[in-house]
Amino acid sequence: MRLPGGQAEKTLISAMNPPLSWEHIRADFPILDQQIKSQPLIYFDNAATSQKPRAVIETLRHYYERDNSNVHRGMHALSARATAAYEAARGKLARYLNAASAEEIVFTRGTTESINLVAQTWGPKFLRPGDVILATEMEHHSNLVPWQLLAERTGASLRFLPINGRHELDLARLDEFLTQEVKLFAFNQISNALGTINPVAELCAAARKVGAVTLVDAAQSAGHLPIDVQALGCDFLALSGHKMCGPTGIGALYGRKAILETMPPWQGGGEMIESVRYEKSTWKQPPYRFEAGTPNIAGAIGLGAAVDYIEAIGREAIWEHDAELTQYALKRLGSIPGLRVLGPPLGTPRGAVISFVLGDAHAHDVVTMADEHGLALRGGHHCTQPLMRKLGLVSTARASFYFYNTLAEIDRMVEILTPSAQGANTAAFSLPLGELYDMVVSDHSRRPRNFGELPGDAVVHVHGDNPSCGDTLDLHVQFGPETVENLKFTGSGCTVCMTSASLMTLKLKGKPRAEAARLLHLFHDQVSAPASVEAGPGPRELGDLNVLGGVRKFPQRVKCAMLAWRAFEQALQEADSGESEGNVSTEDAKS
Ligand SMILES: Cc1ncc(COP(=O)(O)O)c(C=O)c1O
């Protein structure tokens, strides 16, 4: 098997050793042995975070039961043990990445913090107005927003290497984008939204030719395939422990020693100093210069255990198993009518991530329906909003695999998704809230009432977003002196969002403002009551809106139900202050 990223071809350990028992390996993950909604859990959200084997859980328990102490400070036995284990973990990670030494490994909270560290220390020191930061069109927000902040701070500008129709980087255009002005080139090894594998060694070599520093976002690759930072030739590489069997809140930045030594600290405090006077301090050498304060000691030790665990299986074997699962899933998903997969086509090597769109169903609806069958998928923009926009999508559903997943689980996923796809029937994606709910939701989400714009000067327009799933809604309200004369909306959202908006416009039209505000509060109380409180028939004044009362059982969906109402609340405020335009986000609201 050829490994991505230009690394040498290796003999598979499974070819040399007795075949691995994936079934036995799966048994190392206690969390997988449970029922969700009376069905066996199928965990296909590994790109968000992986599950943890007993070896890691036990290491954490052992650390807290036996060794817990602060590192680098104490003279006593526990501190010595904690320090030794913490530094041993650094050494394990260095060997895992084939770094030249452990001094090239900085512990951070994860990929996001690693990238921010570079953006806040290397960036301001080395970037000038006119310089260019090159990223790609398929970056996670974590490998995009820090560069936007850095560009603002330094006067540098941003460029994005485009993707082609196969959802791979358009390497034919690399020379056009990777010019002499580029000082930093940041890209992922595996895209979390597309599954595309990028040719890291080739990109790093091209960057070196123009003198650009490279940063590899290895969030999706570090736990899945062998990484040799020296063979890849990158300057920085960022990873997250929690995506590779380790605990949350721990990760690492690999930085070439010669570069780390040129970088100033980013956070001041204990541990990172050599000597401190009232006026001025001096810093330790890397990596300690970048680890101010008490670090996540248990996390680092847990990550060390995760590295041991992965190494015992072998990353070549994991990569081969990933490929088997992914190619099988691509083939099987291809048989579902109306299902379209993003990313490189069947037969092309790709990461264990499959994003898909199912008919005209909203990803939120697909994922909620899957959860009713014990299948954990992810739905949304996957922190790649610009990429989604470029592809003309708001969100996708995503299945992502790890070595403990099985072909049988993929078969079950296909079974679960198939009936829903037939006819892309909205009712098939309804929350399980009864017949009346199905009827109302099917009717209003397919044929939303008052859908459209309201022209005219006296109209207040509010744009609403639900950032967690990408729903957007534009509400136009015409207010009379005391009443809500008319209201219409446009937008694209899940069944809950569209039904709620449609019913809301019917309900509020012609109502006195004060009455409309009262209905807003009644509706909010109805959908956001604790899940344990039965929805009941609900207040009579809300009429059909009461069918949405059951949404309280699906806390993630309350924001969907509230988006139109939050926009209306904002419209009332805009009208009171004489404004005609406003914005609202469900992230800013209580629910
Ligand atoms: C490609 C990629 N980069 C960065 C991140 C951010 O990782 P973390 O949240 O662990 O910092 C993720 C997380 O999903 C990711 O998939």
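Just so we're clear, the structure is a prediction, and the values are computed from it rather than from any experiment.

Caption draft 1: Local environment of the environment of Lys209. Position of Lys209 among the secondary structure elements: in helix α8 (residues 200-209). Measuring from C-alpha to C-alpha, the distance between Lys209 and Gln526 comes to 62 Å, with 317 residues separating the pair along the chain.

Caption draft 2: Summary view of helix α17 (residues 495-508). Helix length check: α17 (14 residues) gives 20 Å between terminal C-alpha atoms against 20 Å at 1.5 Å per residue, within 8%. Counting buried positions over the 14 residues of α17 gives 13, a clear majority of the element. Within two residues after α17, Gly510 carries a phi angle of roughly 85 degrees, on the positive side.

Caption draft 3: Layout of the site of the ligand. Taken together, 13 residues are adjacent to the ligand, and Thr112, His140, Asn192, Ala219 and Ser240 come closest. Of the residues belonging to the shell around the ligand, the class tally is two nonpolar, ten polar and one charged.

Caption draft 4: Quick peek at unusual backbone geometry. Note the cis peptide between Pro286 and Pro287, where omega equals 5 degrees. Along the polypeptide, Pro287 turns up in the loop between β12 (281-283) and α11 (297-313). For Cys245, which is not glycine, the phi torsion reads 75 degrees and is therefore positive. At Cys383, a position not held by glycine, the phi torsion is positive, near 55 degrees. With respect to the helices and strands, the residue Cys383 is situated in the loop between β16 (378-380) and α14 (385-390).

Caption draft 5: Structural detail: the environment of Thr214. Of note, Thr214 is situated in strand β8 (residues 213-217). Overall, Thr214 belongs to the buried group, with 23 C-beta atoms counted inside 10 Å. Sequence-distant contacts of Thr214, defined by excluding residues within four places in its chain, comprise Phe185, Cys204, Ala207, Cys234, Asp235 and Phe236.

Conventions we followed
- Residues numbered from 1 in each chain as written.
- Predicted model: local features only at pLDDT ≥ 70, side-chain atom pairs only at ≥ 80, totals over all residues.
- Helix = DSSP H or I, 4+ residues; strand = E, 2+ residues; numbered from the N terminus.
- Expected span 1.5 Å × (residues − 1).
- Buried ≥ 20, exposed ≤ 12 C-beta atoms within 10 Å, placed from the backbone.
- Near = placed C-beta within 6 Å.
- Nonpolar A, V, L, I, M, F, W, Y, C, P; charged D, E, K, R; others polar.
- Contact = placed C-beta atoms within 7 Å.

The values are spatial; any link to function lies outside them.
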